[in-house]
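Listed below are the residues making up each chain.
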Amino acid sequence: MTGSANFSTLPHFSHLYIEEEAFAYPLAQRLIDRFPNAEIVRITGYRGIFTRPKQDFPLQKHSMKLIAAVKKDRFLYPGSGHSQGFGMENFFYSTPILNCVYNCDYCYLQGMYPSGNLVVFVNEEDFFAAARQTLAERVNPAQPLYLCLSYDTDLLAFERILPYCRSWIEFARRTPDLLIELRTKSAAYRSIADIQVSERVILAWTLSPAQTATRYEHGAPPSRRRIEAIRQAVTDGWPVRLCFDPVIDLPGWQRAYETLIDDVFARIDPMSVRDVTFGVFRMTASYFDRMKRRRPDTDLVYEPYERIDETVACPAERRQAIRDFMTERLCRYVPEERIAAWA
Ligand code: SF4
């Protein structure tokens, strides 16, 4: 937590910071059981640890600590304009975990959070109650409440530690008019493969060409393992979303994405895929500015981006090139009405 060199060489989750109030919850006990050798530090409030000034996000990612907390308010947020809402009017997201076990160079979390450590909220029932209330009050009752749960983290990558995906899937199953999206780069489908398929759950996988994944998606499994996980999920009957997002236009990107798309649909029946998204690199400007200060080691921060209002994104001509290319390639397999884009 201090960011000292010694602290950063410890293994991940060597320390569990647990709010006094959180000890009463089964998920906190599960964490303690999961990491029997971890040093447990009792804390009064997670913000005192997570948002303390002068933390070193990149250094902390080398030895992430876990903070277990009880969330008190703001369980759901209105959907972000940087995300694809698929025409869903009742679009919200929620954050059962803050931060991610992976460490992608293009991730906005580096600019959004003051710390590289993870906060896990243990009061799941309060999240469920908030979801039920938001569902009851939704603007358009003709549409479901569309709730994305894995934007500020990767829930499936964390499933072997705490089974958030499992509990949200079971919650969705017993909650009519709820549609949840669980987005991941993980290959850990088998941790939920025994769960009965639900039409109220979209399992969404983000995919990148090998050159992009190797260069920028630190800690995440290679795309071939994600594709195998997708194949199994599709075979089992889950509604699956494919996300090519962000499309990074490295030299030779067209060939790389063409190969990736062909590989995906050689293994996965396009008719079995619910829908597909793609998008360009974009980020809230203030997050980008902070990320640039924190991550001078990644070439991504030196690209000649455009500022559009409060957003930093690829310049217009590159967005157009990506949009045209990806649309044309994806339409070879998937009808255009099942493709959504941020480009
Ligand atoms: S998997 Fe997603 S949330 Fe996690 S570091 Fe990568 S971009 Fe960020």
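Residues numbered from 1 in each chain as written. Predicted model: local features only at pLDDT ≥ 70, side-chain atom pairs only at ≥ 80, totals over all residues.

**Quick look at the environment of Ser 191**
Next up, step 1: Relative to the helices and strands, Ser 191 resides in the loop between β10 (178–184) and β11 (201–206).
Next up, step 2: Beyond its immediate chain neighbours, meaning those up to four positions away, Ser 191 contacts Glu 159 and Arg 160. (Helix = DSSP H or I, 4+ residues; strand = E, 2+ residues; numbered from the N terminus. Contact = placed C-beta atoms within 7 Å.)

**Examining the sheet that holds strand β6 (residues 97–98)**
Next up, step 1: In spatial order, the strands read β2-β1-β3-β8-β6; together these 5 strands make up an open sheet with mixed pairing. Only two strands of the sheet have a single partner each, and these edge strands are β2 (39–43) and β6.
Next up, step 2: Sheet topology places strand β3 (residues 66–69) next to strand β8 (residues 118–121); 4 bridges connect them, and they run parallel. Its bridge partner being in β8, Leu 66 is matched across the sheet by Leu 118. (Pairing = 2+ DSSP bridges.)

**Let's talk about the site of the ligand**
Next up, step 1: Close contacts around the ligand come from Cys 100, Tyr 102, Asn 103, Cys 104, Cys 107, Leu 109, Thr 153, Asp 154, Lys 185 and Ala 220, and that covers them all.
Next up, step 2: Here the residues of the shell around the ligand sort into 6 nonpolar, 2 polar and 2 charged. (Near = placed C-beta within 6 Å. Nonpolar A, V, L, I, M, F, W, Y, C, P; charged D, E, K, R; others polar.)

**A short note on the nonpolar core**
Next up, step 1: Among the nonpolar cores identified, the biggest contains 98 residues, and Ile 67, Ala 68, Val 119, Val 120, Leu 147, Ile 180 and Leu 182 are the most heavily contacted of them.
Next up, step 2: A total of 6 residues in this core trace back to one element, the largest contributor, which is helix α7 (residues 164–173).
Next up, step 3: When sequence neighbours within four positions are dropped, the list of residues in contact with Leu 182 reads Leu 149, Ser 150, Leu 155, Leu 156, Cys 165, Val 201, Leu 203 and Ala 204. (Core = buried A, V, L, I, M, F, W, Y, C linked by C-beta atoms within 7 Å. Buried ≥ 20, exposed ≤ 12 C-beta atoms within 10 Å, placed from the backbone.)

**Observations concerning the confidence of the model for the protein chain**
Next up, step 1: On average, the protein chain scores 95 in pLDDT, and the residues at 70 or more come to 97%.
Next up, step 2: Taken together, the stretch residues 1–5 has pLDDT below 50 and engages in 8 contacts with residues farther than four places along the chain or on a different chain. (pLDDT = per-residue confidence, 0-100.)

**Observations regarding the packing of helix α9 (residues 223–236) against helix α10 (residues 253–267)**
Next up, step 1: Running from amino to carboxyl end, α9 crosses α10 at an angle of 30°, the nearest separation of the two axes being 10 Å. With respect to α10, the element α9 is oriented roughly parallel. When you trace α9 past α10, the crossing you get is right-handed. Of the residues in α10, those in contact with Ser 223, Ile 227 and Arg 231 of α9 are Leu 260, Asp 263, Val 264 and Arg 267.
Next up, step 2: Residues that form the contact of α9 with α10 fall into these classes: 3 nonpolar, 1 polar and 3 charged. (Axes fitted to C-alpha atoms, helices over the stretch in contact; angles between N-to-C directions. Parallel < 35°, antiparallel > 145°, perpendicular 65-115°, else oblique. Left-handed = near helix turned anticlockwise from the far one by under 90°.)

**Quick look at α10**
Next up, step 1: Compared with the 21 Å implied by 1.5 Å per residue over 15 residues, the 21 Å span of α10 between its first and last C-alpha is a close match.
Next up, step 2: For α10, the complete set of buried residues consists of Tyr 257, Leu 260, Ile 261 and Val 264. For α10, the angular spread of buried residues about the axis comes to 95°, placing them on one side. For α10, the exposed residues lying more than 90 degrees away from the buried face are Arg 255, Thr 259 and Ala 266.
Next up, step 3: Residues of α10 that are buried in the fold lie against α9, β13 (240–247) and α12 (316–331). (Expected span 1.5 Å × (residues − 1). Arc of directions from axis to C-beta.)

**Structural notes on the sheet that holds β10**
Next up, step 1: Strand order in this open sheet of 8 strands is β4-β5-β9-β10-β11-β13-β14-β18, and the pairing throughout is mixed. A single partner strand is all that each edge strand has here, and the edge strands are β4 (76–78) and β18 (339–342). The average undirected angle you get between the axes of adjacent strands in this sheet is 25°.
Next up, step 2: The pairing of β10 with β11 spans 5 bridges and is classified as parallel. Bridged to Ile 180 within β11 is Val 201.

**Details of the pairing of β3**
Next up, step 1: Side chains of β3 alternate between two faces, with Leu 66 and Ala 68 and Ile 67 and Ala 69 buried alike.
Next up, step 2: Alignment of strand β1 (residues 15–19) against β3, held across 3 bridges, turns out to be parallel. Each bridged residue has a counterpart across the sheet, and for Leu 16 the counterpart in β3 is Leu 66.

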